[in-house]
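Each chain, letter by letter, is given below.
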Amino acid sequence: MTLQNTEKAILIGDGRRSFRRSFRANVEILNHPISLVGRFLSRYGVLLGFLLLWQVASHVGWFNSAVLPPLDTILVALWNGVVGGALLDDIAISLQRSGIAFLAAVVVAIPIGLFMGQIRAVDRALDPILQLFRQTSALALYPVFILLLGLGEASKVFVIFWATLFPLLLNTTSGVKEVDPKLIEMARVYGASRLTVFRRVVIPAAIPSIFVGLRLSATTALLLLIASEMIGANSGIGFQVMNAQYNFQIPLMFAAIFLLALLGLIVNYALVLLQKRLCQWSEVSN
Amino acid sequence: MMTLASDNVRGQVTVRDLTKTFTINQKALTVLKGFNLDIRPGECLTIVGASGSGKTTLLRVLAGLEAADGGDVQIDGRSITGVGRERAVIFQEPRLLPWLTVLGNVAFGLEVRGEPRKQAEEWARRYISLVGLGDFGDAYPKQLSGGMAQRVGIARALTVQPEILLLDEPLGALDAMTKITMQEELTRIWSEERVTMVVVTHDLEEAVYLGDRVLVLPKERGGAIRFLDIDLPRPRDRSEPRFVKYREDLLREFGLH
Ligand SMILES: Nc1ncnc2c1ncn2[C@@H]1O[C@H](COP(=O)(O)OP(=O)(O)OP(=O)(O)O)[C@@H](O)[C@H]1O
Ligand SMILES: [Mg+2]
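Report on the accompanying structure.

The rules behind the values
- Residues numbered from 1 in each chain as written.
- Chains lettered and ligands numbered in written order.
- Predicted model: local features only at pLDDT ≥ 70, side-chain atom pairs only at ≥ 80, totals over all residues.
- Heavy atoms only, no water.
- Helix = DSSP H or I, 4+ residues; strand = E, 2+ residues; numbered from the N terminus.
- Buried < 20%, exposed > 50% of the residue type's maximum accessible area, 1.4 Å probe, protein only.
- Contact = heavy atoms within 4.5 Å.
- Areas by Shrake-Rupley, 256 points an atom, 1.4 Å probe, with all protein chains shown as cover.
- Near = heavy atom within 4 Å.
- Polar contact = N/O pair within 3.5 Å; in protein donor to acceptor, adjacent residues only side chain to side chain.
- Bend = angle between axes of the 7 residues up to and from the residue.

As a further point, take the overall build of chain A. Each helix and strand counted, chain A has 12 helices and 0 strands in total. Starting at the N terminus and walking to the C terminus, you meet the elements of chain A as α-α-α-α-α-α-α-α-α-α-α-α. Across the 286 residues that make up chain A, the buried fraction comes to 41%. The long-range share in chain A, meaning contacts at least 24 apart out of those at least 6 apart in sequence, stands at 65%. Within the structure as shown, chain A displays about 16400 Å² of accessible surface, and the carbon and sulfur contribution to it stands at 68%.

Okay, structure coming up:
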């Protein structure tokens with residue numbers, strides 16, 4: 001919970017004036033510049049230290065700067081790649097591949113997951129085969145997909161889709177199954193039909209779990225994106241990582257890796273933001 | 001719907017020869033056997049009994065959440081087949097939907113019954129103030145205390161304006177202070193709304209404080225049920241001798257005094 005949220009909760013939860021005022025005072029103390037820096041450092045200090053160490057070590061020559069180039073070189077390569085436009089096409093194609101696969105997984109997995117969670121017989125019938133598919137690494141199946149779909153876009157999108165499908169499906173299903181039966185009973189007392197219970201109780205209750213699935217799937221999508229682009233592709237960020245290494249353009253290689261990390265962070269952040277909007281009522285952790 | 005001319009005969013419950021059997025580990029457990037009960041319209045009946053004596057089971061059958069294995073439950077002369085619009089239930093836990101605000105939760109019952117949202121919320125606001133939560137319409141359940149949450153649950157049940165309100169240990173999870181306040185509020189609501197109330201409780205003082213009659217379920221299954229008429233004016237004073245006497249009578253029923 002962020003500070004602002006805490007403050008809001010307490011203001012709503014407890015209207016007593018004096019309490020409110022003393023809490024405001026606390027917030028002001030925390031807003032003091034020094035403690036602000038302190039808070040920043042306690043959160044990002046280790047990260048900054050790591051980056052600093054990298055930079056210094058590479059400059060001083062503690063390790064081979066041809067293999068681990070200093071950060072500024074990498075940033076320059078990144079800048080040239082993005083602003084210069086050399087990496088833009090790769091970013092676009094990578095986003096397209098993972099985006100299409102991810103959206104397809106959402107469209108397929110959420111309805112099926114809701115359905116499976118709701119109807120026991122369907123769940124029982126589908127569960128064994130889903131477990132089998134899930135335990136079979138998508139990467140192991142990639143050659144099969146290539147045989148079936150060719151070495152083009154289709155097999156890449158499909159392998160990402162395949163891998164993202166399962167976390168989302170399983171989390172949606174378990175979200176539905178774990179809805180508190182007492183809430184369902186409460187709705188029944190008011191005469192709610194099965195459909196109404198589903199719409200007004202089951203789906204909202206399952207949303208936090210669906211988001212867990214979405215975030216897992218997004219991570220998986222990026223993972224599989226890179227893997228598929230490293231095998232038999234001639235474009236994409238993953239391809240650039242491999243290609244740069246092959247041509248010994250090490251700063252470019254790291255630039256592509258950073259780009260991937262950045263992409264992952266952005267996607268996760270966007271999902272967290274969306275989740276916070278949709279599920280103000282439940283705790284959301286990053 | 002409660003101001004109709006036929007008001008005085010609404011909310012009557014008749015239970016005839018009710019039997020309810022559960023199966024636990026392939027063994028039949030008959031909880032209610034040949035059970036008969038008449039609840040007068042507008043009455044407040046409290047039910048006490050040892051743990052496992054079937055209080056919750058009886059209430060769930062009356063609510064239509066549990067089907068009887070034999071016998072008949074009639075409300076205003078008509079046999080019930082399941083849940084019904086003339087009944088509402090208040091459980092031991094508030095059972096609020098955490099993603100809805102207090103207003104949304106209280107309006108939920110009416111919305112489910114097909115009332116347009118605006119209208120439902122208008123009614124909801126009325127009952128939110130009735131339970132003393134007028135300022136908390138926009139709060140979420142996680143921002144409420146236990147007693148406040150339970151009051152939201154009570155408001156939700158009242159909003160559908162039932163003839164019969166079924167309560168299963170509604171104040172069981174509350175601390176002693178909150179409990180007393182809520183008992184007073186329940187009495188006030190009951191007299192204002194003129195609803196038939198059936199309250200299961202394990203608190204004998206509460207049974208005497210709320211009830212026109214106290215129903216004592218027998219210890220041994222199939223034994224005779226007993227009633228204790230509480231002939232005290234309201235608001236009741238817990239410390240007056242007659243109140244204390246009723247409480248002692250109840251204790252004696254359980255062989256504890
Ligand atoms: N769904 C069920 N399945 C099987 N047995 C049940 C079920 N519900 C209740 N019982 C059994 O019925 C008996 C009566 O239970 P009930 O919950 O009605 O008791 P109670 O009087 O409400 O007790 P308490 O005061 O502890 O709440 C118990 O022996 C219990 O084991
Ligand atoms: Mg019980």
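All names here are of chain B. Around ligand 1, the surrounding shell holds 14 residues, and the nearest of these are Ser51, Gly52, Lys55, Thr56 and Thr57. Gly54 places a main-chain nitrogen or oxygen 3.0 Å from an oxygen atom of ligand 1. At the level of elements, strand 1 (13-24), strand 2 (27-39) and helix 1 (55-63) are the ones that each hand at least two residues to the shell around ligand 1.

In this section: helix 10 (residues 194-230) of chain A. Residue and element names in this part refer to chain A. Maximal helix bending in helix 10 amounts to about 45 degrees, located at Ile207; proline Pro208 follows within four positions. Where burial is concerned, most of helix 10 is hidden: 26 out of the 37 residues are buried. With its phi angle positive at about 60 degrees, Gly232 sits one or two positions after the end of helix 10.

This paragraph deals with unusual backbone geometry. Residue and element names in this part refer to chain B. Going from Arg234 to Pro235, the amide bond is cis rather than trans, its omega being 0 degrees. Despite not being glycine, Asn25 shows a phi value in the positive range, around 50 degrees. Along the chain, the position of Asn25 falls in the loop between strand 1 and strand 2. Although it is not a glycine, Glu169 sits at a positive phi angle of roughly 45 degrees. Among the structural elements, Glu169 can be located in the loop between strand 7 (164-168) and helix 5 (176-193). Relative accessible area serves as the criterion here: at 14%, Glu169 is assigned to the buried category.

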